[in-house]
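Chains, contacts and geometry: an overview
Next come the chains, spelled out residue by residue.
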Amino acid sequence: MSVFERLAKATLRENQNGEIPDYIVPHLLEVAQHSENYTDREWVVEILLMQVEDYDTYAESGCCKTAFSIEDIYTSLARLGIKMDFWA
Amino acid sequence: MMPAYLDCNATTPVEKEVAREVHRFLVEEFGNPASPVHMYGTIARMAVEKARRDVAALVEAQPDEVIFTSGATESNNLVLLGFAEAGLNSGRTHIICSAIEHKAVLEPVESLKGLGFKVTILPVDENGVVCVEALAEAIRPETLCVSIMHVNNETGVVQPLDEVVKILDEHHAWLHVDAAQGFGKELELLRLSRIDLISISGHKIFGPKGVGALVRRRRDDEYPPLKPLMLGGGQEQGLRPGTLAAHSIVGLGTAARIALRDYDARREACLTFKNELLDALGSLEVVVHGDLQRTLPNTINLSIPGVEAHSALSSLKNLIAFSNGSACTAHTQEPSHVLQAMGVKGRLLDEAIRLSWCHLTDKVDWPQVCSVIRKLRGGSE
């Protein structure tokens, strides 16, 4: 299974059963479903997949950051050229 | 033309995918992972965390149980010397290791004697396998740590860690495994959760030199009580301060990911090479050191009766590149402490060579190799 297929599965799974918020899902699926646009940045998609799998709304709290926040996901999406209106 | 490279236990070639990622994080993504306050640092940090997960996955550990170091030697030292304070404070000042450990274990253990630690060195049998019965006899309440390697670097013999774990089941001693040679090449044993500490090297699994890791598993929700050997910065949970070498760490992580992905294909390629080698050298009546049923498919240690190792090295240098033992001690003229522990004596010691290969190894002209060896013996081709 490619990293793009894994990203699609993880996004839907973590949105339905985990904490990935609805508003970020279309942006993640934009990457997952258009692999041809991102093949030269697959390493960023690998990072994005990790962030989705280990997303935690409260990742920034506590002394040791072991999970990933929405800010982390924003950064990766930005590296893939995806900018969200509210983030401008 | 370069000779075929048969010294993969000294160091492996770097996988192209690994080199590409190392270059990316050396040149393009050069941010400091400890500065995640801007995009440069954030991406570097994320890449380091990805690498941590890739290393952890190979041994089924948790990502926060992985500490990046400069290699297995540093990891071994961090474990053995890092335990000293806990041992002295608790009165548990007994260490056990095997006679065939790498010098990166034997020398720190030796230095602990100067602090008042007692040391038991476990023997091995003629097949190069650590005697677990001796471990059962040696273990005692004040044993702080047992250190037994995963795969021997000279013989390729996989050690019986499953049996070691059973013996330690009812004992509180910490179990450390130097997995420099076996990480990514044998998966099951390192996944035994009773193994508390695992030393890993990047350049033995087609990654860069100068990077490795220490896996320190929690037991009963607590980490092994290690103290850092260096101070200043607090990186890697305070155990290994200093700016993280993100490019090398990414290289190690990529190498670990590929090791898992290509595990079966690599083993198959190594087995095919091994069978060709054994077929070719069989007619020379070589003496193999180490139980071939227990060795990794990429290593063989053997003596060619009538041909001293240094003569073989010199005469075959245009055909194959190999060594007469561990890379760390091959430049000395001392006989191998590993083979001596196995009971190898006399001329066989001087005639011992180590051949180690991988899935990237070129074809070898074995008939030509055998011809040179027969000439060395003074026989006809």
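With respect to the overall build of chain B
- Scanning chain B for helices and strands turns up 13 helices and twelve strands.
- Over its C-alpha trace chain B gives a radius of gyration of 21 Å, about what one expects of a compact globule, namely 21 Å for 381 residues.
- With respect to the principal axes defined by its C-alpha atoms, chain B has extents near 70 × 55 × 35 Å.
- Looking at the 381 residues of chain B, the share that counts as buried comes to 57%.
- The long-range share in chain B, meaning contacts at least 24 apart out of those at least 6 apart in sequence, stands at 73%.
- Of the roughly 15700 Å² of accessible surface on chain B, 52% is carried by carbon and sulfur atoms.
- The distance from the centre of the 38 positive side-chain charges to the centre of the 48 negative ones in chain B is 3 Å.

Concerning the interface of chain A and chain B
- Taken together, the contact between chain A and chain B spans 13 residues of the former and 15 residues of the latter.
- Summed over both sides, the interface of chain A with chain B buries roughly 1300 Å², with 65% coming from carbon and sulfur.
- Together, W43(A), M50(A) and R79(A) form the three largest contributors to the area buried by chain A at its contact with chain B, with a combined 41%.
- Looking at the side of chain A that touches chain B, the elements with two or more residues in it are α3 (42–53) and α4 (70–79) of chain A.
- Top element by residues in the side of chain A that touches chain B is α3(A). It accounts for five residues.

Considerations on the state of the cysteines
Residue and element names in this part refer to chain B.
- Counted by the stated rule, this structure contains zero disulfides over all chains.
- The thiol sulfur of C145 is not disulfide-bonded, and the nearest other cysteine sulfur, from C97, lies at 9.1 Å.
- With no disulfide of its own, C358 lies closest to C8 among cysteine sulfurs, the gap being 3.6 Å.
- Taking relative accessible area as the criterion, C358 reaches 5% and is therefore assigned buried.

Regarding the environment of R53(B)
- Structurally, R53(B) is set in helix α2 (residues 39–59).
- If sequence neighbours within four positions are ignored, R53(B) has contacts with M50(A), D54(A), T66(A), F68(A) and P63(B).

A closer look at the sheet that holds strand β10 (residues 299–303) of chain B
Residues and elements named next belong to chain B.
- Strand order in the open sheet formed by three strands is β9-β10-β12, with antiparallel pairing between adjacent strands. In the strand order of this sheet, the two ends are held by β9 (287–289) and β12 (352–356), each with one partner. Adjacent strand axes in the sheet meet at a mean angle of 35° when their direction is disregarded.

A closer look at the environment of T361(B)
All names here are of chain B.
- Its place among the elements puts T361 in the loop between β12 and α13 (366–376).
- Spatially, the C-alpha atom of T361 lies 8.7 Å from that of F273, the residues being 88 residues apart in sequence.
- Not counting the four nearest positions on each side in its chain, T361 is found in contact with Y5, L6, C8 and F273.
- Within the local environment of T361, its side chain forms a polar contact with the backbone nitrogen of C358, the two atoms lying 2.8 Å apart.

A short note on the packing of aromatic side chains
- In this structure the tally under the stated criterion is five aromatic pairs over all chains.
- Aromatic side chains W43(A) and F25(B) sit 5.3 Å apart centroid to centroid with 85° between the ring planes, which places their arrangement in the edge-to-face category. Here W43(A), found in helix α3, pairs with F25(B), found in helix α1 (residues 16–28), and the two come from separate chains. Pair check on accessibility: W43(A) and F25(B) agree, each one buried.
- Judged by centre distance (6.1 Å) and plane angle (70°), the ring pair of F273(B) and W366(B) falls under edge-to-face. A residue pair is termed long-range when its members are at least 10 positions apart, and F273(B) in helix α9 (residues 263–281) and W366(B) in helix α13 qualify at 93 residues.
- Taking the ring centre of Y223(B) as reference, the NZ or CZ of R216(B) above it sits at 3.7 Å.
- R219(B) extends its terminal NZ or CZ atom over the ring of W174(B), reaching a point 4.4 Å from the ring centre.

Calculation notes
Residues numbered from 1 in each chain as written. Chains lettered and ligands numbered in written order. Predicted model: local features only at pLDDT ≥ 70, side-chain atom pairs only at ≥ 80, totals over all residues. Heavy atoms only, no water. Helix = DSSP H or I, 4+ residues; strand = E, 2+ residues; numbered from the N terminus. Rg over C-alpha atoms; globule rule 2.2 N^0.38 Å. Buried < 20%, exposed > 50% of the residue type's maximum accessible area, 1.4 Å probe, protein only. Contact = heavy atoms within 4.5 Å. Areas by Shrake-Rupley, 256 points an atom, 1.4 Å probe, with all protein chains shown as cover. Lys, Arg positive; Asp, Glu negative; His and termini not counted. Charge placed at Lys NZ, Arg CZ, Asp CG, Glu CD. Buried area = accessible area lost by both parts, 1.4 Å probe. Disulfide = S-S within 2.5 Å. Pairing = 2+ DSSP bridges. Axes fitted to C-alpha atoms, helices over the stretch in contact; angles between N-to-C directions. Polar contact = N/O pair within 3.5 Å; in protein donor to acceptor, adjacent residues only side chain to side chain. Phe/Tyr/Trp six-rings, centres within 6.5 Å; stacked < 30°, edge-to-face > 60°. Lys NZ or Arg CZ within 6 Å of the ring centre and 35° of its normal.

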